[in-house]
Amino acid sequence: MREARLRQSAVVEDVDFRAHRGLDRALFLKLATCQWIQDHHHLCVIGPTGIGKSWLACALGHKGCARASRYSTSAPRACSTDLAQARGEGRLPRLMTTLERTRLLIIDDWGPEPLNAEQRRDLLEIVDDRYDRGSLLITSQVPVNRCMR
């Protein structure tokens, strides 16, 4: 759990399905089985500020910890800090290999900050490396059709 660097100690069992956030109970409980991680599928949790997207992502991340190695970070931090620092220190290939081998990568808060060309290239490479090798869980306030532009 310490290696996952999950921001919150959320657990699936504490999810309040009565809260008004449009969460489908049956779908969420199916996701909590973590079969989607084993099948190398990806998940986007999208909605406005304050509905608990990050908390839900952490709950699913904690559930997946018993079944997969994982890495948790936020898109702005990954772009501006982790990747830039690794590039500057000459260890970007090693970091990219580590991310590629990770079964579940959580990118929290995708989209509110614009990315430069280098950051976009790095993130697209990370996403591409996940194809059929690992799962990706993204939270965002930005609607899906805007994320893909």
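Note on numbering: residues in each chain are counted from 1, in written sequence order. Reporting of local features is limited, given that this is a predicted model, to residues whose pLDDT is at least 70; pairs of side-chain atoms are given and counted only at 80 or more, and all residues count toward the totals for whole chains, interfaces and linings. As a convention, hydrogens and water are excluded, and side-chain values are obtained from all of the structure's heavy atoms.

A. Inspection of the confidence of the model for the protein at higher detail. A score between 0 and 100, pLDDT records how confident the predictor is in each residue. Summary statistics for the protein give a mean pLDDT of 81 and a share of 79% for residues scoring 70 or more. Helix and strand assignments come from DSSP, with helices taken as H or I runs of at least 4 residues and strands as E runs of at least 2, each series counted from the N terminus. Within the protein, no element has a lower average pLDDT than helix 7 (residues 144–147), which sits at 52, and none a higher one than helix 1 (residues 25–31), at 93.

B. Structural detail: the pattern of salt bridges. A pairing counts as a salt bridge when a side-chain nitrogen of Lys or Arg comes within 4 Å of a carboxyl oxygen of Asp or Glu. In the structure shown here, the tally under the stated rule is seven salt bridges. Residue R91 pairs with E89 through a salt bridge whose shortest N-O separation is 2.5 Å. Whether a residue is buried, partly exposed or exposed follows from its accessible area with a 1.4 Å probe, protein chains only, as a fraction of its type maximum: under 20%, in between, or over 50%, in that order. R91 gets classed as partly exposed once you look at its relative accessible area, which sits at 27%. Through salt bridges with shared partners, a single network forms among R87, E118, R121 and D122.

C. Region of interest: helix 5 (residues 92–101). Three or more residues of helix 5 are buried, namely L92, L95, M96 and L99. Buried residues of helix 5, seen end-on, are gathered within an arc of 100° and therefore sit on one face of the element. In helix 5, the exposed residues that point more than 90 degrees away from the buried face are P93, R94 and R101. The directions from the helix axis to the C-beta atoms form the arc being described.

D. Geometry of the environment of H20. Structurally, H20 can be placed in the segment before helix 1. Take H20: its relative accessible area is 81%, and that puts it in the exposed class. Along the backbone, H20 and I51 are 31 residues apart, and their C-alpha atoms lie at a distance of 8.1 Å.

E. Broad picture of the pairing of strand 3 (residues 104–110). Counted residue by residue, strand 3 has six buried out of seven residues, so it is predominantly covered. The pairing of strand 3 with strand 4 (residues 135–140) spans five bridges and is parallel. Looking at the pairing, I106 lines up with L137 of strand 4. Once the chain exits strand 3 it traverses helix 6 (residues 117–129) before rejoining the sheet at strand 4, and the crossover so formed is right-handed. When DSSP locates at least two bridges between a pair of strands, those strands are taken to pair. Here, the term right-handed applies to a crossover whose path from the first strand over the helix to the second runs clockwise when the strands point away from the viewer.

F. Spotlight on unusual backbone geometry. The phi torsion at C34 lies on the positive side, around 70°, for a residue other than glycine. One can find C34 in the loop between helix 1 and helix 2 (35–38). Here D109, not a glycine, exhibits a phi torsion of approximately 65°, which is positive. Counting through the fold element by element, D109 comes out in strand 3.

G. Structural view of the environment of N116. Mapped onto the elements of the fold, N116 is located in the loop between strand 3 and helix 6. Residue N116 is classed as partly exposed on the basis of its relative accessible area of 40%. Here a polar contact means two N or O atoms within 3.5 Å. Within protein one must be a hydrogen donor candidate and the other an acceptor candidate, and residues neighboring in sequence count only if both atoms are side-chain atoms. There is a polar contact of 2.7 Å between the side chain of N116 and the backbone nitrogen of Q119.

H. Quick peek at the layout of surface pockets. Both cavities and pockets are sets of points on a 1 Å grid over the protein atoms alone; in a cavity a 1.4 Å probe fits but cannot get out, in a pocket the set is open with protein on both sides within 12 Å along at least five of seven lines, and lining residues sit with an atom within 4 Å of a point. Grid points are joined across faces, edges and corners, and a volume is the space filled by probe spheres set on the points. The computed volume of the second largest pocket comes to approximately 270 Å³. Lining the second largest pocket are 16 residues, and of these G22, L23, C44, V45 and L56 lie nearest its centre. Put simply, the parts of the chain that give the lining of the second largest pocket at least two residues each are helix 1, strand 1 (42–46) and helix 3 (53–65). In terms of residue count, strand 1 provides more of the lining of the second largest pocket than any other element does, four residues in total. Amino acids outside the nonpolar list (Ala, Val, Leu, Ile, Met, Phe, Trp, Tyr, Cys, Pro) and the charged list (Asp, Glu, Lys, Arg) are all regarded as polar, and Gly is one of them. Here the lining of the second largest pocket is composed, by residue class, of 11 nonpolar, two polar and three charged.

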